[in-house]
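Residues per chain, in single letters:
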There are 2 protein chains.
Amino acid sequence: MNEKPLSESTEMYLKALAELSAREPVAVARLAERLGVTPVSANEMVHRLDEQGLVSHKPYKGVALTKKGREIASDVLRRQRLWECFLFDHLNIEWAQIYEFACSLEHATAPEVTEALAVFLNHPKTCPRGNPIPEQDGSFEPLNGAPLSEAEVGSVVTALAVNATATDVLKYLQERNILPGREIEIVEAAPMRGPLTLRVEGKEVVLGLSLAEFVIVK
Amino acid sequence: MNEKPLSESTEMYLKALAELSAREPVAVARLAERLGVTPVSANEMVHRLDEQGLVSHKPYKGVALTKKGREIASDVLRRQRLWECFLFDHLNIEWAQIYEFACSLEHATAPEVTEALAVFLNHPKTCPRGNPIPEQDGSFEPLNGAPLSEAEVGSVVTALAVNATATDVLKYLQERNILPGREIEIVEAAPMRGPLTLRVEGKEVVLGLSLAEFVIVK
DNA sequence: GTTGATAATAAGGTCAGCCATAATATTATT
DNA sequence: AATAATATTATGGCTGACCTTATTATCAAC
Ligand SMILES: [Mn+2]
Ligand SMILES: [Mn+2]
Ligand SMILES: [Mn+2]
Ligand SMILES: [Mn+2]
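A.B. asks: Tell me about the interface of chain A and chain B, and name the residues and values.
C.D. replies: Facing the 18 residues of chain A at the interface are 18 residues of chain B. For the chain A and chain B pair, buried surface summed over both sides reaches about 1500 Å², with 83% attributable to carbon and sulfur atoms. Between chain A and chain B we count zero salt bridges in total. Looking at the side of chain A that touches chain B, the elements that each hand over two or more residues are helix H4 (67–90), helix H5 (95–105) and helix H6 (111–120) of chain A. The biggest single contributor to the side of chain A that touches chain B is H6 of chain A, with five residues. A breakdown of the residues in the side of chain A that touches chain B according to their chemical character gives 13 nonpolar, four polar and one charged.

Written out as structure tokens, the structure is:
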């Protein structure tokens, strides 16, 4: 039933697509940006993935995961987030680093190891970055929230998840206490898509809008 | 101090060299065999490793690790054997499979993760296959034993380690109870390098000499 | 509709690690 | 010393995943 092992690159493209959009097509340029690759390279790779039936690319309309591709992406996310739990809860690795480390381990993890890890961790529902961990069948409840960048001024919201992946960005947010579970008051939004002023844990914090997009709140 | 990340292939060549011989040069052909690669390919790779100063190749005399290469190999072995401990002791993965799974994880493990894992496991000294786990500085006490294939008929020995790597070989030995810690009586050795007849856990077992070479006993 | 931005293709390269086949070189044995 | 086995090198190829620099399509906005 399960095919030959996929390359790390393939798994990362599929995962990036899953993270960028639940279902709507993603522009190849956005995918390229996310993966730190030129648009031409991403285009080539998307073609290869299309030929393998993992992705469907309609020129000028974007790329979307096929059912097969979505299943694999879910599986990669499952591995990644289970490892994040282990690294954070059991190895006491710094929160800002767990994504990076888990992102390496995820590609080196056999199905037996994934499932044994899930048992060891007692089947956690979310990872320390706040994202849901897909079940073995690929199902999971999507987060029911919106980016902090779209929250109304004056409101008080709760951070659900932090979707940044770069370690330095995560460190920056961690230092400002913008972490899953924290209450955040939106004090002010500068005009012309300027930065937000927030109050978190009693302290005022100024946060650029592009960073605020990574923070999912309710 | 630590350089750019090495490829999985590079790490595997270095590890194979460390496993094949503590210090004496190894024939390129043996290395090729161990890695499942043609001798020509191994030769090319050995050249690249030589240029990087990880290995020293004297044509017709074999390859040996340099100090730098040996340090890296020790580090890979450390990662591998720590993962073996985790997989066996905490994830309850079948003994015969832990090598294979750890052999993937070892290349995806950052130094911080390695050390945190060592702490989590309480700094184990040996892995479930019986081999010593190198310290952070690369030091470890080599096993003081000899291959079962060289044990005297009539003697009773204790298995110290099983150095096989192929899962099917490990499974074969596991099924016959040839595991670290077990007492083994050498009942008979067939002539012309024929198989050994052993008594393990009360049962008689016939074991080919080439398999017996994998078992280190005292 | 024309135009400017964006997306996609085409074309030609690089690099690591593999492969096969053929030619040499060395070592070991007789 | 000749010879057979083994090791090494020389060539030439391949694949996946990247790159740069054009060129060409398409879409969206005026
Ligand atoms: Mn990854
Ligand atoms: Mn390995
Ligand atoms: Mn081309
Ligand atoms: Mn060549």
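Moving on from the model shown.
A.B. asks: Could you give me a rundown of the packing of helix H2 (residues 28–35) of chain B against helix H3 (residues 39–51) of chain B, with the residues and numbers involved?
C.D. replies: Residues and elements named next belong to chain B. Viewed as axis vectors pointing N to C, H2 and H3 meet at an angle of 110°, and their least axial separation amounts to 8 Å. Put simply, H2 runs roughly perpendicular to H3. Residues Val28, Leu31 and Ala32 of H2 touch H3, and the partners they reach there are Pro39, Ala42, Asn43 and Val46. Class assignment of the residues belonging to the contact of H2 with H3 gives a composition of six nonpolar, one polar and no charged.

A.B. asks: Tell me about the packing of aromatic side chains, residues and numbers included.
C.D. replies: Taken as a whole, this structure holds nine aromatic pairs over all chains when the rule is applied. Between Trp83 of chain A and Trp83 of chain B the ring centres are 5.4 Å apart and the planes differ by 75°, which places this aromatic pair in the edge-to-face class. Of this pair, Trp83 of chain A sits in helix H4 while Trp83 of chain B sits in helix H4 (residues 67–90), each in a different chain. Both residues of the pair, Trp83 of chain A and Trp83 of chain B, belong to the buried class. Both rings, one in Phe86 of chain A and one in Phe86 of chain B, keep their centres 4.6 Å apart while their planes meet at 40°; by these two values the pair is tilted. Linking Phe86 of chain A in helix H4 with Phe86 of chain B in helix H4, this pair reaches from one chain into another. When its relative accessible area of 0% is taken as the criterion, Phe86 of chain A is described as buried. Joined through ring pairs, the aromatic side chains of Trp83, Phe86 and Phe120 of chain A together with Trp83, Phe86 and Phe120 of chain B make up one cluster.

A.B. asks: Can you break down the nonpolar core residue by residue, with the values?
C.D. replies: If you look at soluble globular proteins, the nonpolar side chains tend to sit buried side by side. Grouped together as the largest cluster of nonpolar side chains are 94 residues, with contacts concentrated most on Leu87 and Leu148 of chain A together with Leu87 and Leu148 of chain B. Those residues in contact with Leu87 of chain A that lie beyond four places of it in its chain are Asn92, Ile93, Ile98, Phe101, Ala102 and Leu105 of chain A together with Val113 of chain B.

A.B. asks: Got a sec to walk through the protein's contact with DNA strand C? Specific residues and values, please.
C.D. replies: Residues in close proximity to DNA strand C total 21 residues, the closest being His57 and Tyr60 of chain A together with Ser7, Thr38 and Ser41 of chain B. Among the atoms of DNA strand C lying within 4 Å of the protein, the sugar-phosphate backbone contributes 76%. Contact distances for DNA strand C include 3.0 Å between a phosphate oxygen and a side-chain N or O atom of Asn43 of chain A. Between DNA strand C and the protein, one listed contact pairs a phosphate oxygen with a side-chain N or O atom of Ser9 of chain B at 3.1 Å. With five residues, H3 of chain B is the largest single contributor of residues to the surface near DNA strand C. Along the lines of polarity and charge, the residues of the surface near DNA strand C split into 10 nonpolar, eight polar and three charged.

A.B. asks: Lay out the packing of helix H1 (residues 8–20) of chain A against H4 of chain A with the relevant residues and their values.
C.D. replies: Residues and elements named next belong to chain A. In the contact formed by H1 and H4, the axes pass within 8 Å of each other and the chain directions differ by 90°. Comparing their axes, H4 and H1 come out roughly perpendicular. Contacts from Glu11, Leu14, Lys15, Ala18 and Glu19 of H1 reach H4 at Gly69, Ile72, Ala73, Val76, Leu77, Arg79, Gln80 and Arg81. A per-class count over the contact of H1 with H4 returns six nonpolar, two polar and five charged.

Cut-offs used in this document
- In every chain, residue numbers begin from 1 and rise along the written sequence.
- By the order in which they are written, chains take letters starting at A while ligands take numbers starting at 1.
- Selection of residues for local features in this predicted model requires a pLDDT of at least 70, selection of side-chain atom pairs for listing and counting requires 80 or more, and totals for whole chains, interfaces and linings are taken over all residues.
- Computation of side-chain values: all heavy atoms of the structure, hydrogens and water removed.
- Throughout, a residue-residue contact means that at least one pair of heavy atoms, one from each residue, lies within 4.5 Å.
- Two parts placed together each lose some accessible area; with a 1.4 Å probe, that loss summed over both constitutes the buried area.
- Think of a salt bridge as a Lys or Arg side-chain nitrogen and an Asp or Glu carboxyl oxygen that are within 4 Å of each other.
- The way it works is that DSSP assigns letters per residue, a run of H or I at least four long becomes a helix, a run of E at least two long becomes a strand, and they are numbered from the N terminus.
- In this classification, the charged set is Asp, Glu, Lys and Arg, the nonpolar set is Ala, Val, Leu, Ile, Met, Phe, Trp, Tyr, Cys and Pro, and all remaining amino acids, among them Gly, are polar.
- Axes, fitted as lines to C-alpha atoms, cover a helix only where it is in contact. Angles between the N-to-C directions of the axes lie from 0 to 180 degrees.
- The labels follow the angle: roughly parallel below 35 degrees, roughly antiparallel above 145, roughly perpendicular from 65 to 115, and oblique for the rest.
- Whether two aromatic rings pair depends on their centres lying within 6.5 Å, for rings of Phe, Tyr and Trp, where Trp uses its six-membered ring; planes under 30 degrees apart make the pair stacked, over 60 edge-to-face, and the rest tilted.
- In this scheme, a residue with accessible area under 20% of its type's maximum is buried, one over 50% is exposed, and one in between is partly exposed, where area comes from a 1.4 Å probe on protein chains only.
- Put simply, a nonpolar core is a bunch of buried Ala, Val, Leu, Ile, Met, Phe, Trp, Tyr and Cys residues held in one set by side-chain atoms that sit within 4.5 Å of each other.
- Here a residue is near a molecule or strand as soon as one of its heavy atoms is found within 4 Å of it.
- Identification of polar contacts relies on pairs of N or O atoms within 3.5 Å, with a donor-acceptor requirement for protein atoms, meaning one able to donate a hydrogen and the other able to accept it, and with residues adjacent in sequence counted only if both atoms are side-chain atoms.

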